[in-house]
Amino acid sequence: MGGPGPRGSIICGVAPLRIGVLGAARIAPAAIVKPARRVEGVEVVAVAARDRSRAQDFATKHGIPRVLDSYEQLVSDPDIDAVYNPLPNGLHGHWTMAAMAAGKHVLCEKPFTADAEEARTVAAAQAGTDLVVMEAFHYRYHPLFARVRELMATGAVGTVRHIEAALCFPLFSGKDIRWDLALAGGATMDAGCYPIHMIRHLARAEPTVTRARARLRSPGIDRYMDMDLRFADGVTGRALCSMLSSQILQVRLKVVGDDGEIRVLNPLAPDKFHRLTIRSKGEKHVEHSTRRATYDFQLEAFARAVERGDAIVTGPDDAIANMVVIDAVYRAAGLQPRQPTA
């Protein structure tokens, strides 16, 4: 199993990276279609959905030249180099594997798979190939997050003792697939994966889940999760997420050190609004980063990895580590980890 082979320079605009989209997901325009118009050397060339008419409407609206009849047809199409996979959580692993089997690079929406076991299966299939498989934690490629890591590394708030992150938003529709246990739904999967990922990448280590408290929307489906983490060096963490709770909207992170703290408002979509605040030794400093979209930085990183072999920071091994924590959170809360969709 191998990739599409040598390509012309993306930077020079030769032989653009041709991406096909699996499904007409709501996230796709912001995450891949619009960034592809702004990132040189990348094109969205095709889309497929379970309902061809829906795919056709999506293609017409977003100027995508080709509509294919099925997911199978899209992943096997010889004129597609890479696949963007925003399908329901329980289908991520299956269709990422199918795309790889057809020699395609994959940008897969988070969470990478339904559970850690499936993530290991995907990683094993990718190992030894020249295929790029990236989990779409777009915020991780933005300079704002890099700045927080830099501040921590240079001791801006002294020795770090505690890291917190939260993503809470309201999801009122009871018919939304993110509430479907059979599709590996739940707040920790769709929202909690972000704060868990942030805390891991700020700590630069893997945590133990010491406690998790869930509130359920239906049997097995969490609408809220509050998670306590601990790292081997004694640093503690807290991750909070919800899709339906009194915590209506929170998108934040906080790093607490001996000499002060770092706070970030909206680390996930800083192009909309954001604020980075550093308080240290009695002084306060506020910074702002670029308003360029996180998805643009992510797509550039993906394209460079395909084109030049540049390293990525959200590959399969990182995805396994994140899913290990998510599985542990569910168990600590008295729930079962999700399962791949049959």
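Reading the values: the criteria
- Throughout this description, residue numbers start from 1 for each chain and increase along the sequence as written.
- At least 70 in pLDDT is required for a residue's local features to be given in this predicted model, at least 80 for side-chain atom pairs to be given and counted, and no such filter applies to totals for whole chains, interfaces and linings, which use all residues.
- Hydrogens and water are ignored here; the side-chain numbers use all heavy atoms of the structure.
- The predictor attaches a confidence to each residue, and that confidence, scored 0 to 100, is pLDDT.
- Between two residues, a contact is recorded if the distance between any of their heavy atoms is within 4.5 Å.
- Numbering goes from the N terminus for both helices and strands, where a helix is a DSSP run of H or I of at least four residues and a strand is a run of E of at least two.
- Note on pairing: DSSP must find at least two bridges between two strands before they are called paired.
- Throughout, an axis means a line fitted to C-alpha atoms (over the contacting stretch in the case of helices), and angles, computed between N-to-C directions, take values from 0 to 180 degrees.
- Cavity: a set of points on a 1 Å grid over the protein atoms alone where a 1.4 Å probe fits but cannot get out. Pocket: an open set with protein on both sides within 12 Å along at least five of seven lines, its lining residues, like those of a cavity, having an atom within 4 Å of a point.
- Grid points are joined across faces, edges and corners, and a volume is the space filled by probe spheres set on the points.
- Here the angle decides the label: under 35 degrees means roughly parallel, over 145 means roughly antiparallel, 65 to 115 means roughly perpendicular, and every other value means oblique.
- Note on definitions: salt bridges are taken to be side-chain nitrogens of Lys or Arg within 4 Å of carboxyl oxygens of Asp or Glu.
- Only protein chains enter the accessibility calculation, which uses a 1.4 Å probe; a residue whose area is less than 20% of its type maximum is buried, one above 50% is exposed, and one in between is partly exposed.
- Seen with the strands pointing away from the viewer, any crossover whose path from the first strand over the helix to the second strand runs clockwise is right-handed.

Engineer: What exactly am I supposed to notice about the confidence of the model for the protein here?
Structural biologist: Fine structural detail should not be taken from predicted coordinates in areas where pLDDT scores are low. Averaged over all residues, the pLDDT of the protein is 95; the fraction at 70 or higher stands at 96%. A low-confidence stretch, residues 1-13 (pLDDT under 50), is modelled with 36 contacts involving residues beyond four sequence positions or located in other chains.

Engineer: Teacher, can you tell me more about unusual backbone geometry here?
Structural biologist: For residues that are not glycine, phi is negative in most cases, and the peptide bond is trans in most cases. In this chain, K110 is followed by P111 through a cis amide linkage whose omega measures -15 degrees. Notably, A184 is not glycine yet its phi reads approximately 65 degrees, a positive angle. Looking at the secondary structure, you find A184 in the loop between β7 (160-168) and α7 (187-203). Within the chain, R204 stands out as a residue other than glycine whose phi angle is a positive 55 degrees. Counting through the fold element by element, R204 comes out in the loop between α7 and β8 (208-218).

Engineer: In this structure, what is going on with the sheet that holds strand β14 (residues 283-287)? I would like to understand it.
Structural biologist: Where strands meet in a sheet, backbone hydrogen bonds hold them as pairs that are either parallel or antiparallel. As summarised here, the arrangement of the 8 strands in space is β8-β9-β10-β7-β11-β12-β13-β14, forming an open sheet in which the pairing is mixed. Of all strands in the sheet, those with a lone pairing partner are β8 and β14, marking the two edges. If you compare each strand with its neighbour and ignore which way they point, the axes differ by 10 degrees on average. Where strand β9 (residues 221-230) lies against strand β10 (residues 236-242), 7 bridges are found, and the strand directions are antiparallel. In the strand pairing of β10, L229 is matched with G237.

Engineer: How should I be thinking about the layout of surface pockets in this particular structure?
Structural biologist: Over the atoms, a rolling probe the size of a water molecule traces out where space has been left empty. Approximately 1400 Å³ is the volume found for the largest pocket. Residue lining of the largest pocket: 42 residues in total, with A25, R26, I27, K110 and R178 positioned closest to the centre. Breaking the lining of the largest pocket down by element, the ones donating at least two residues are α1 (28-38), α4 (89-101), α7 and α8 (294-308).

Engineer: For this particular structure, what's the right way to read the sheet that holds strand β3 (residues 66-68)?
Structural biologist: One open sheet holds the 6 strands; their spatial order is β3-β2-β1-β4-β5-β6, and the pairing between them is parallel. This sheet does not close on itself; its edge strands, each paired only once, are β3 and β6 (133-135). Neighbouring strand axes in the sheet, compared pairwise and without regard to direction, differ in orientation by 25 degrees on average. Here strand β4 (residues 82-85) runs beside strand β5 (residues 105-108); their pairing, made up of 4 bridges, is parallel. The residue of β5 that forms the bridge with Y84 is L107. Packed onto the sheet, α1 meets β1 (17-22), β2 (42-48), β4 and β5 and runs at close to 135 degrees relative to β2.

Engineer: Quick question: what am I supposed to make of the packing of α4 against helix α5 (residues 116-126) here?
Structural biologist: When two helices pack together, you describe them by how their axes are tilted relative to each other and by the distance separating the axes. The N-to-C vectors of α4 and α5 enclose an angle of 5 degrees; their axes lie 10 Å apart at closest approach. When the interaxial angle is binned, α4 and α5 end up roughly parallel. In this structure, α4 contributes G93, H94, T96, M97 and M100 to the contact, and α5 contributes E118, T121, V122, A125 and Q126.

Engineer: Even after reading the chapter, I still don't get the pattern of salt bridges, so can you show me in this structure?
Structural biologist: A side chain of one charge can pair with a side chain of the opposite charge if their charged atoms are brought near each other. In this structure the tally under the stated criterion is 24 salt bridges. One salt bridge in this structure joins D77 and R66, with 2.6 Å as the shortest N-O distance. Linking D77 in the loop between α3 (71-76) and β4 with R66 in strand β3, this pair joins segments that are 11 residues apart in sequence. The exposure class of D77 is buried, given its relative accessible area of 8%. Take R66: its relative accessible area is 29%, and that puts it in the partly exposed class. Sharing partners across several salt bridges, the network here consists of R211, R213, D226, D228 and R238.

Engineer: What is the right way to read the pairing of β4 from this model?
Structural biologist: Look at any regular strand and the pattern is simple: side chains alternate between the two faces of the sheet. Side chains A82 and Y84 of β4 all project onto a buried face; the interleaved residues V83 and N85 project onto the opposite face, where all are buried too. By the bridge criterion, 3 bridges tie β1 to β4 in an arrangement that is parallel. The residue of β4 that forms the bridge with G20 is V83. Of the crossover connections in this fold, the one passing from β4 over α4 to the parallel β5 is right-handed.

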